[in-house]
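# Notes for the structure review
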Number of protein chains: 2
Amino acid sequence: MENKNTNYRISSAVIKRLPRYFRYLRELLEAGRMRISSSELSKMMNVTASQIRQDLNCFGGFGQQGYGYNVKFLYTKISEILGVDKGYRAIIIGAGHLGLALVGSPMFAKRGVTISALFDNSKELVGKEYGDLHIYDISELDGYIKENSIDIAVLTLPRAYAKDTAERLAALGIKGIWNFTNVELDFEELGTVVQNVHIGDSLMQLTYRINSSGEEE
Amino acid sequence: MENKNTNYRISSAVIKRLPRYFRYLRELLEAGRMRISSSELSKMMNVTASQIRQDLNCFGGFGQQGYGYNVKFLYTKISEILGVDKGYRAIIIGAGHLGLALVGSPMFAKRGVTISALFDNSKELVGKEYGDLHIYDISELDGYIKENSIDIAVLTLPRAYAKDTAERLAALGIKGIWNFTNVELDFEELGTVVQNVHIGDSLMQLTYRINSSGEEE
């Protein structure tokens, strides 16, 4: 697996950990920290120091003896790898509670993604404004995506509409689908990047840990 | 890591995959399937057949040559390990869009968890009903938890209240906290099971994959 932008080879296991590094480094930056040792980062993140050194070495984040890691350098590097600097534009399809919860979250802005509109098929919602965002009718989807160079569609609509909508989005050339519908959408079939979110898996980890007397993940 | 109920040793890597097995087996059951081969399950789940055999052998789910796995047996076994059969009772603290999105989802019922009430501190919300559920004032939390044998608290409140609320819940003897606030709550500090949800990590995996031209996780 190769990252085209940096030519560093990054394993998929490291990639799954990068969003966590991103979060912790961001917190350190916001707290004004300039540098951090692998042992301190290890303690914060509950990962071994050797794992951290190994992960960060993958993309040139070499720590220096007696200095540690440069927080801003690492944060910038990881941001680039994760595409935070690309300024992706997104729309949310489904203006129910979940869609509106996502709109209200600072998560997108922190990760360089701009939400530009909401879509729904409900007559009660279409045409209204939510915060700064307009709620469009789902029939306006095709034109809107083309005119506004949308990269990402967030699916927060009922699961019955998931597959058809995803196929329509793929045909429109959308780059990525963030799928909250709990329908397993397939990258191969669609021909576009899909990230399926299964919040219930996290609930199952919680109940597993309660059931097995609280041991840590 | 040992599961107290079965005496099988299950590694934490397997445990992270169990919720996915649970989902797929449930779909097979709902579709009336009685048995499945490791190769078919492998294709569905995009995991190697040998990985599946290795995972399922951990808790006695031995497949039989020419027969495959008994879907109902596996589903029941995994449900037990994950605590689905325990009938855990939960409350949701924070009746904003995210809290209401969770209440409206079939996720809890499918996983054996019953939501029994919502809590909020907003005068506009407290005292109202949402579906079958009453929205209580946060000041009623302590009494409610004790009287109703609540096991799990779902935190969907603003992050500023996260730590204090979690400490209060731990002191009340709650068994597990499902934390959506994006504040990293610590198991060791609280002395109760915490599952922190970071939806933004999933967004970062999406943008990473778009940025690196669509390769699969």
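Definitions and limits used
- Residues numbered from 1 in each chain as written.
- Chains lettered and ligands numbered in written order.
- Predicted model: local features only at pLDDT ≥ 70, side-chain atom pairs only at ≥ 80, totals over all residues.
- Heavy atoms only, no water.
- Helix = DSSP H or I, 4+ residues; strand = E, 2+ residues; numbered from the N terminus.
- Buried < 20%, exposed > 50% of the residue type's maximum accessible area, 1.4 Å probe, protein only.
- Contact = heavy atoms within 4.5 Å.
- Areas by Shrake-Rupley, 256 points an atom, 1.4 Å probe, with all protein chains shown as cover.
- Lys, Arg positive; Asp, Glu negative; His and termini not counted.
- Charge placed at Lys NZ, Arg CZ, Asp CG, Glu CD.
- Core = buried A, V, L, I, M, F, W, Y, C linked by side-chain atoms within 4.5 Å.
- Least-squares fit on C-alpha atoms with pLDDT ≥ 70 in both.
- Pairing = 2+ DSSP bridges.
- Right-handed = clockwise from strand over helix to strand, strands pointing away.
- Axes fitted to C-alpha atoms, helices over the stretch in contact; angles between N-to-C directions.
- Parallel < 35°, antiparallel > 145°, perpendicular 65-115°, else oblique.
- Left-handed = near helix turned anticlockwise from the far one by under 90°.
- Nonpolar A, V, L, I, M, F, W, Y, C, P; charged D, E, K, R; others polar.

### Examining the overall build of chain A
Within chain A, the regular secondary structure consists of ten helices and nine strands. Taking the principal axes of its C-alpha atoms as reference, chain A extends roughly 60 × 45 × 35 Å. A buried classification covers 53% of the 217 residues belonging to chain A. The contacts in chain A between residues at least 6 apart in sequence include a share of 53% that link residues at least 24 apart. Here chain A displays about 10,000 Å² of accessible surface, and carbon together with sulfur accounts for 48% of that area. When the 25 basic and 26 acidic side-chain charges of chain A are each reduced to a single mean position, those positions are 8 Å apart.

### Some points on unusual backbone geometry
Glycine aside, the phi torsion of most residues is negative, and most peptide linkages are trans. Residue and element names in this part refer to chain A. The phi torsion at N182 lies on the positive side, around 75°, for a residue other than glycine. Note that N182 resides in the loop between β8 (176–179) and α9 (187–190). Its relative accessible area of 26% is what places N182 among the partly exposed residues.

### Focus: the nonpolar core
Membership of the largest hydrophobic core comes to 54 residues, with the highest contact counts inside it found for F108(A), W178(A), F180(A), F108(B), W178(B) and F180(B). Aside from chain neighbours lying at most four places away, what touches F108(B) is L203(A), L102(B), V113(B), I115(B), V154(B) and W178(B).

### Some remarks on the relation of the copies chain B and chain A
With an axial shift of 0.0 Å and an RMSD of 0.0 Å, the rotation relating chain B to chain A amounts to 180°. Within this description, the copies of the chain are treated as partners about a two-fold rotation axis. Taking C-alpha positions as reference, the residue of chain B nearest the rotation axis is H97(B), located at 2.3 Å. In this assembly, 98% of the residues forming the interface of chain B have copies in chain A that are likewise at the interface, indicating an isologous arrangement.

### Structural notes on the pairing of strand β7 (residues 152–155) of chain A
All names here are of chain A. Across the two faces of β7 the burial is the same, with I152 and V154 and A153 and L155 all buried. Pairing of strand β3 (residues 89–93) with β7 involves four bridges; the strand directions are parallel. Considered in β7, the bridge of A90 is made with I152. In this sheet, β8 lies alongside β7 in parallel orientation, the contact comprising four bridges. Counted as the bridge partner of V154 is W178 from β8. At this point the chain moves from β7, through helix α8 (residues 162–171), to the parallel β8, and the crossover so formed is right-handed.

### Considering the packing of helix α1 (residues 12–30) of chain B against helix α2 (residues 38–45) of chain B
Residue and element names in this part refer to chain B. Two numbers describe how α1 lies on α2: the axes approach to 11 Å, and their chain directions differ by 110°. When the interaxial angle is binned, α1 and α2 end up roughly perpendicular. Handedness of the crossing formed by α1 with α2: right-handed. Where α1 approaches α2, its residues R20, Y21, Y24 and L28 are matched on the opposing element by L41, M44 and M45. Residues that form the contact of α1 with α2 fall into these classes: six nonpolar, no polar and one charged.

### Here's the deal with the environment of L100(B)
Residue placement: L100(B) occurs in helix α5 (residues 97–103). A residue is classified by how much of its surface remains accessible, and L100(B), at 11% relative accessible area, is buried. Between the C-alpha atoms of L100(B) and M45(B), which are 55 residues apart in sequence, the distance is 30 Å. Beyond its immediate chain neighbours, meaning those up to four positions away, L100(B) contacts H97(A), A95(B), L118(B) and Y130(B).

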